[in-house]
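Architecture and fold: a report
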Amino acid sequence: MRSKAPLVMMEMLVMLLVFALAAGLCVKAFVWSRNETEANFRMDRAVLAAENTAQIIKSTAGDFEEAARLLSGDSDGDTLTYTIELENGNLEITAEIIKMDQYLGTAEIVVLDQEKEVFALETSWQEVSSFE
């Protein structure tokens, strides 16, 4: 009678190969999931930063100097810039006045992640005027 040891050994090698391939696919899926989660986290932070900036600009009636003080940023009158530090990089937020008239001011808020625009938002505020 012949020994069945070579057949059992071949079967074990095939099963080991199948498990190795499955493990490799699982690792690839976990890495992809981690990268997507990080990208979504950064996008969420960018959206929140833009919305926060818009609300502060509205609450200060377009006074970029006051908004810069509240956001710990810099302003030259028509442009507001500040940075949010994250664990693996920074988000740079810039707001720039694009239109001003007697009753309405408008600014565009842009969020940059590693010098690439990831989110933009336009906001408007009512200009304060004295009624006599």
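Everything below is about the structure printed above this text.
Numbering of residues starts from 1 in every chain and runs along the sequence as written. Selection of residues for local features in this predicted model requires a pLDDT of at least 70, selection of side-chain atom pairs for listing and counting requires 80 or more, and totals for whole chains, interfaces and linings are taken over all residues. Derived side-chain values reflect all non-hydrogen atoms in the structure, with water molecules and hydrogen atoms excluded from consideration.

Here's the deal with helix H1 (residues 5-59)
The secondary structure listing takes helices from DSSP runs of H or I that are at least 4 residues long and strands from runs of E that are at least 2 residues long, numbered from the N terminus. One less than the number of residues in a helix, times 1.5 Å, gives the span that helix is expected to have. Taking 1.5 Å per residue, 55 residues should reach 81 Å; H1 reaches 80 Å between its end C-alpha atoms and fits that length. Burial classification: accessible surface area is computed with a 1.4 Å probe over protein chains only, and a residue below 20% of its type maximum counts as buried, one above 50% as exposed, and the rest as partly exposed. Listing the buried residues of H1 in full gives Arg42, Ala46, Ala49, Ala50, Thr53, Ala54, Ile56 and Ile57. Contact definition: two residues touch when any of their heavy atoms are within 4.5 Å. Taken together, the buried residues of H1 touch helix H2 (64-71), strand S2 (79-86), strand S3 (89-100), strand S4 (104-113) and strand S5 (116-126). Positive backbone phi, approximately 55 degrees, marks alanine 61, located one or two places after H1.

Quick word on a negative patch on the surface
Together, Asp63, Glu65, Asp76, Asp78, Glu96, Glu108, Glu117 and Glu122 make up a negatively charged patch on the protein surface. Secondary-structure assignment places glutamate 122 in strand S5. Its relative accessible area of 55% is what places glutamate 122 among the exposed residues. Nonpolar side chains (Val, Leu, Ile, Met, Phe, Trp, Tyr) within 5 Å and like charges within 9 Å form the patches, drawn only from residues with over 30% relative accessible area and no salt bridge. A 1.4 Å probe and the Shrake-Rupley method give the accessible areas. Residues count as covered only by the protein chains that appear here. When a carboxyl oxygen of Asp or Glu lies within 4 Å of a side-chain nitrogen of Lys or Arg, that pair is called a salt bridge. Asp and Glu are treated as the negative residues and Lys and Arg as the positive ones, with His and the ends of the chain left uncounted. A single reference atom marks each charge: NZ on Lys, CZ on Arg, CG on Asp, CD on Glu.

Things to note about H2
Taken as a whole, H2 has its buried residues at Phe64, Ala67, Ala68 and Leu71. The arc enclosing the buried residues of H2, seen along the axis, measures out at 100 degrees, which places them on a common side. Where H2 is buried, its residues touch H1, strand S1 (74-75), S2, S3, S4 and S5. If you check the start of H2, you find a side-chain oxygen 3.2 Å away from the backbone N of glutamate 65, and it comes from aspartate 63. Throughout, the arc means the angular range of directions from the helix axis out to the C-beta atoms. For the purposes of these results, a polar contact is taken to be a pair of N or O atoms within 3.5 Å, where, inside protein, one atom must be able to donate a hydrogen and its partner to accept one; residues adjacent in sequence count only when each atom of the pair is a side-chain atom.

Let's talk about the packing of aromatic side chains
How two aromatic rings sit relative to each other is given by the distance of their centres and the angle of their planes. Side-chain rings of Phe, Tyr and Trp, where Trp is taken by its six-membered ring, are said to pair if the distance between their centres is within 6.5 Å; with planes under 30 degrees apart they count as stacked, over 60 as edge-to-face, and otherwise as tilted. One pass over the structure, following the stated rule, counts 1 aromatic pair. Here phenylalanine 64 and tryptophan 125 contribute two aromatic rings whose centre-to-centre distance is 6.3 Å and whose plane-to-plane angle is 50 degrees, an arrangement assigned as tilted. Residue phenylalanine 64 is found in helix H2, and its partner tryptophan 125 is found in strand S5; the two are separated by 61 residues along the sequence.

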